[in-house]
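Listed here are the chains, written in short residue letters.
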Amino acid sequence: MKKFSMSQHRRTQTPFKLWQYYRDVPEIIFISHDASLTGAPILMLTLLAWWKQNGGPPFRIILRNGGKLEARFRELGRVWVLGWSDMYTIPSPTVQHDLLSFCGAGVRLIYANTAAVGDVLEALDPLSVPVVAHIHELETMLSRNIGPERFGLVKQRAKRFVVPSKAVADNLTTNHSVPVQKIDIVPEYLPDDYANSSVKATHNSLDPLTVLGAGTLDWRKGTDLFIQMARIVQRSCSKNVRYIWVGAATQPGQLESHKKLSRKHHVANVISFIGEQTDLRPFYRAADVFVSSSREDPYPVVCLEAAAHSLPIICFAGVGGMPEFVQTDAGRVVPHLDVVAMAEAVACMLSDSAARQIAGRCARKRIDKGHRISSCGKRLCEITASLLTDLQE
């Protein structure tokens, strides 16, 4: 096995010059809770592709569960799918032995991509290596969905916490007593070439304007608030408007419940629920405004994708990291869960094409300035390398 020296790394000018590693031995274990078409797994795929393209240290991947993106993970490296339930799981000695064998003897770091993999980290304790925990969740997910037991296992093991926004950092320090000096804020990111050649769909004067929303059909994403917003806009806006929601149900009956609500509010004829889509770019190109109706969302990737397509973003204050992105110029931030204010902001944007274009350009510039993997990946590389430097010192 050939060891790379620091001088060799400097000559190659890669983002990984701080690392010293053996080319053929897996040194990092990346862990994802699953391979679903949702934000955290998509972000991990983007990171791993960049990592590999830039000659980063070799890695292997553990998925707590599989999903539609599993094949894409396998294109990037060796993958172990545990297939564990949503509950805290203690593996049998045989499973733990096989898992440790899969990781190998050269592991120097574990990168846990969500807060939902505490039991996986516990099974990997015999590796005795530092853990970076990339937390994409806010309090509802941490306390209700993941639970204090599994997240407690993450907190006990993580040497550093990476978070996408100040909102997530504040939640960790306030509600989970994570020391601020252990937290690094690195915004969510898109591939460098994402939407670089995007062409806006052309409209004629008879085409309806399009308001786009996206996310799973659960309470946290606020699809019901999106429907209520549509009702108010329809009553107050003279424009011809249609509304599209992209995203899958997470529980039986969710889709029909939202269709029933749209009928109740007399907007069923203008709202389309089109389910989960592997590629949202055609919808972004056809849209005029993107609405994030989430009650809680750390830093939604769909908003970044919309911004990359020069769409203005309308979101609620106090629900996560998106107000940090939108600020005052890339759309509108309306008072917390104020559906009337959200509808007014949407109607104003729909009625003013110049304002839409200005806000959309600001959103796109913000993506290119600080939300591409080339810049965020380098920061993540520095964080992981610094952990190893701290251990050596």
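No experiment lies behind these values; they were computed from the predicted model shown. Every chain is numbered independently, its residues counted from 1 as its sequence is written. With pLDDT at 70 or above as the cut-off, local features in this predicted model cover only qualifying residues; side-chain atom pairs require 80 or more to be listed or tallied, and sums for whole chains, interfaces and linings still use all residues. Only heavy atoms go into the side-chain values, all of them from the structure, while hydrogens and water stay out.

Q: Looking at this structure, how should I read the confidence of the model for the protein?
A: Detailed reading of the predicted coordinates is not advisable wherever pLDDT falls low. Predicted confidence across the protein gives a mean pLDDT of 91, with 91% of residues reaching 70 or more. Counting interchain partners and residues more than four positions distant, the pLDDT-below-50 stretch residues 1-12 has 25 contacts. What pLDDT reports is the predictor's confidence in each residue, on a scale of 0 through 100. Residues are treated as being in contact if the distance between any of their heavy atoms lies within 4.5 Å.

Q: What should I look at first to understand unusual backbone geometry in this one?
A: Leave glycine aside and you will find that most residues have negative phi; peptide bonds, for their part, are mostly trans. One non-glycine residue with positive phi stands out, namely Ala195, at about 60 degrees. In this model, Gln327 sits at a positive phi of 55 degrees, which is unusual for a non-glycine residue.

Q: Any chance you could explain the sheet that holds strand β10 (residues 271-273) here in plain terms?
A: Sheet strands line up and pair through hydrogen bonds in the backbone, either parallel or antiparallel. In this scheme, strands are said to pair when DSSP sees at least two bridges between them. The helix and strand labels rest on DSSP assignments: H or I over at least four residues marks a helix, E over at least two residues marks a strand, and numbering proceeds from the N terminus. Read across the open sheet, the 6 strands follow the order β10-β9-β8-β11-β12-β13; overall the sheet is parallel. Every interior strand has two partners, whereas the edge strands, β10 and β13 (331-334), have only one. Sheet twist, expressed as the mean angle between neighbouring strand axes with direction ignored, is 20 degrees. Every axis corresponds to a line fitted to the C-alpha atoms, with the helix fit spanning only the stretch in contact, and the corresponding angles, defined between N-to-C directions, vary from 0 to 180 degrees. On the sheet, helix α12 (residues 301-308) packs against β8 (209-214), β11 (289-292) and β12 (313-316) and is oriented at approximately 165 degrees with respect to β11.

Q: What is the right way to read the nonpolar core from this model?
A: Burial of nonpolar side chains together is a common tendency in soluble globular proteins. We define the nonpolar core as a collection of buried residues of types Ala, Val, Leu, Ile, Met, Phe, Trp, Tyr and Cys that are connected through side-chain atoms lying within 4.5 Å of one another. Each residue's exposure class comes from its accessible area (1.4 Å probe, protein chains only) as a fraction of the maximum for that residue type: buried when under 20%, exposed when over 50%, partly exposed otherwise. By size, the foremost hydrophobic cluster in this structure holds 58 residues, and its most contacted members are Phe30, Leu47, Phe73, Phe290, Met322 and Phe325. If one sorts the elements of this core by residue count, helix α2 (residues 39-53) sits on top with 7 residues. Aside from chain neighbours lying at most four places away, what touches Met322 is Pro298, Tyr299, Pro300, Cys303, Leu304, Ile313 and Cys315. Counting 36 residues, the second largest nonpolar core, distinct from the first, contains Ile31, Ile62, Val117 and Ile183.

Q: How should I be thinking about the pattern of salt bridges in this particular structure?
A: As a working rule, side chains carrying opposite charge can pair if their charged atoms are close by. The term salt bridge refers to a side-chain nitrogen of Lys or Arg lying within 4 Å of a carboxyl oxygen of Asp or Glu. For the structure shown, the criterion picks out 17 salt bridges. Note that Asp184 and Arg160 form a salt bridge whose closest N and O atoms lie 2.8 Å from each other. One end of the pair, Asp184, is in strand β7 (residues 183-185); the other, Arg160, is in strand β6 (residues 158-163), and 24 residues separate them in sequence. The residues Asp184 and Arg160 share a single accessibility class, namely buried. Among the ionic pairs, Arg364 bridges to Asp368, the shortest N-O distance being 2.9 Å. Pair noted here: Arg364 and Asp368 are both in helix α15 (residues 353-370), with a separation of 4 residues, about one helical turn. Classification of Arg364 as buried rests on a relative accessible area of 17%. Accessibility expressed as a relative area gives 40% for Asp368, which makes it partly exposed.

Q: Before we go on, may I ask you to explain helix α6 (residues 139-146) in this structure?
A: Each full turn of the α-helix corresponds to 3.6 residues, which orients residues three or four apart in the same direction. Along α6, the residues that are buried comprise Thr140, Leu142 and Ile146. Its buried side turned inward, α6 meets α7 (148-157) and α8 (166-176). In the stretch just after α6, Gly147 is the one whose phi turns positive, near 90 degrees.

Q: Could you clarify how one ought to interpret the sheet that holds strand β2 (residues 59-63) in this entry?
A: Here we have 7 strands laid out as an open sheet, ordered β3-β2-β1-β4-β5-β6-β7, and parallel in their pairing. Either end of the sheet is taken by a strand with one partner, and the two such strands are β3 (79-81) and β7. Across the sheet, the axes of successive neighbouring strands diverge by a mean angle of 20 degrees, strand direction being ignored. Inspection of the sheet shows strand β4 (residues 109-112) paired to strand β5 (residues 131-134) by 3 bridges, in the parallel sense. By the bridge assignment, Ile110 is partnered in β5 with Val131. The strands touched by α2 within the sheet are β1 (28-32), β2 and β4, with β1 carrying the most contacts at an inclination of about 160 degrees. Contacts between α8 and the sheet are confined to β6 and β7, with β7 contributing the most and set at about 165 degrees to the helix.

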